Amino acid sequence: MEKTFAIIKPNAFEDGNSGKIISRIYEEGFIIRGLKKLYLSKVEAEGFYHVHKDKPFFSELTDFMSSGPCIVMV
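This section reports on the structure supplied with the text.

1. Some remarks on the packing of aromatic side chains
(1) Moving on: For the structure on display, the rule yields two aromatic pairs.
(2) Moving on: Residues Phe5 and Phe48 carry aromatic rings whose centres are separated by 5.8 Å and whose planes lie at 50 degrees to one another, so their mutual orientation is tilted. Placement of the pair is Phe5 in the segment before strand E1 (6-8) and Phe48 in helix H3 (residues 42-48), with a sequence separation of 43 residues.
(3) Moving on: A relative accessible area of 43% places Phe5 in the partly exposed class.
(4) Moving on: The class for Phe48 is partly exposed, based on a relative accessible area of 42%.
(5) Moving on: Relative to Tyr49, the ring of Phe48 has its centre 4.8 Å away and its plane inclined at 85 degrees; by these criteria the two rings are edge-to-face.
(6) Moving on: Residue classification places Tyr49 among the buried positions, given a relative accessible area of 10%.
(7) Moving on: Ring pairs connect the aromatic residues Phe5, Phe48 and Tyr49, which therefore count as one cluster.

Here it is as structure tokens:
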């Protein structure tokens, strides 16, 4: 069985779209094996997105990802 990682990002969470996104995942036939709401710190976001550290959008991306709660799923 293949597994993938998905994130509902802060803007979707803040806009109240988490439930719709999760419903869509199930409607498409996927199974969510684990789900957790979390808050990434700036340092954690920088670590997660380290492959982009040399890109011009890195700081904006890590600021955004640490701006509010996320939902992570497998």
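2. As for the pairing of strand E3 (residues 70-73)
(1) Moving on: Alternating residues of E3 divide into Cys70 and Val72 and Ile71 and Met73, and every residue in both groups is buried.
(2) Moving on: In this sheet, E3 lies alongside E1 in antiparallel orientation, the contact comprising three bridges. Note on E3: the bridge partner recorded for Ala6 is Met73.
(3) Moving on: When strand E2 (residues 35-38) meets E3, the two strands line up antiparallel, connected through four bridges. Residue pairing across strands places Lys37 opposite Ile71, the latter belonging to E3.

3. Section: a nonpolar patch on the surface
(1) Moving on: On the surface, Phe5, Phe48 and Val74 cluster together to form a nonpolar patch covering roughly 270 Å² of accessible area.
(2) Moving on: Among the secondary structure elements, Val74 is positioned in the segment after E3.
(3) Moving on: Given a relative accessible area of 40%, Val74 falls into the partly exposed group.

4. Considering the sheet that holds E3
(1) Moving on: As summarised here, the arrangement of the three strands in space is E1-E3-E2, forming an open sheet in which the pairing is antiparallel. Whereas interior strands pair on both sides, the edge strands pair on one side only; in this sheet they are E1 and E2. Geometrically, the sheet is characterised by an average inter-axis angle of 20 degrees between neighbouring strands, direction not taken into account.

5. What about the pattern of salt bridges?
(1) Moving on: The full count for this structure, using the stated rule, is two salt bridges.
(2) Moving on: The closest approach of N and O atoms between Arg24 and Glu28, which form a salt bridge, is 3.1 Å.
(3) Moving on: When its relative accessible area of 48% is taken as the criterion, Glu28 is described as partly exposed.
(4) Moving on: Among the ionic pairs, Lys42 bridges to Asp63, the shortest N-O distance being 2.5 Å.

Rules behind the numbers
- Residues numbered from 1 in each chain as written.
- Predicted model: local features only at pLDDT ≥ 70, side-chain atom pairs only at ≥ 80, totals over all residues.
- Heavy atoms only, no water.
- Phe/Tyr/Trp six-rings, centres within 6.5 Å; stacked < 30°, edge-to-face > 60°.
- Helix = DSSP H or I, 4+ residues; strand = E, 2+ residues; numbered from the N terminus.
- Buried < 20%, exposed > 50% of the residue type's maximum accessible area, 1.4 Å probe, protein only.
- Pairing = 2+ DSSP bridges.
- Patch = residues over 30% accessible without salt bridge, like charges linked within 9 Å, V, L, I, M, F, W, Y side chains within 5 Å.
- Areas by Shrake-Rupley, 256 points an atom, 1.4 Å probe, with all protein chains shown as cover.
- Salt bridge = Lys/Arg side-chain N within 4 Å of Asp/Glu carboxyl O.
- Axes fitted to C-alpha atoms, helices over the stretch in contact; angles between N-to-C directions.

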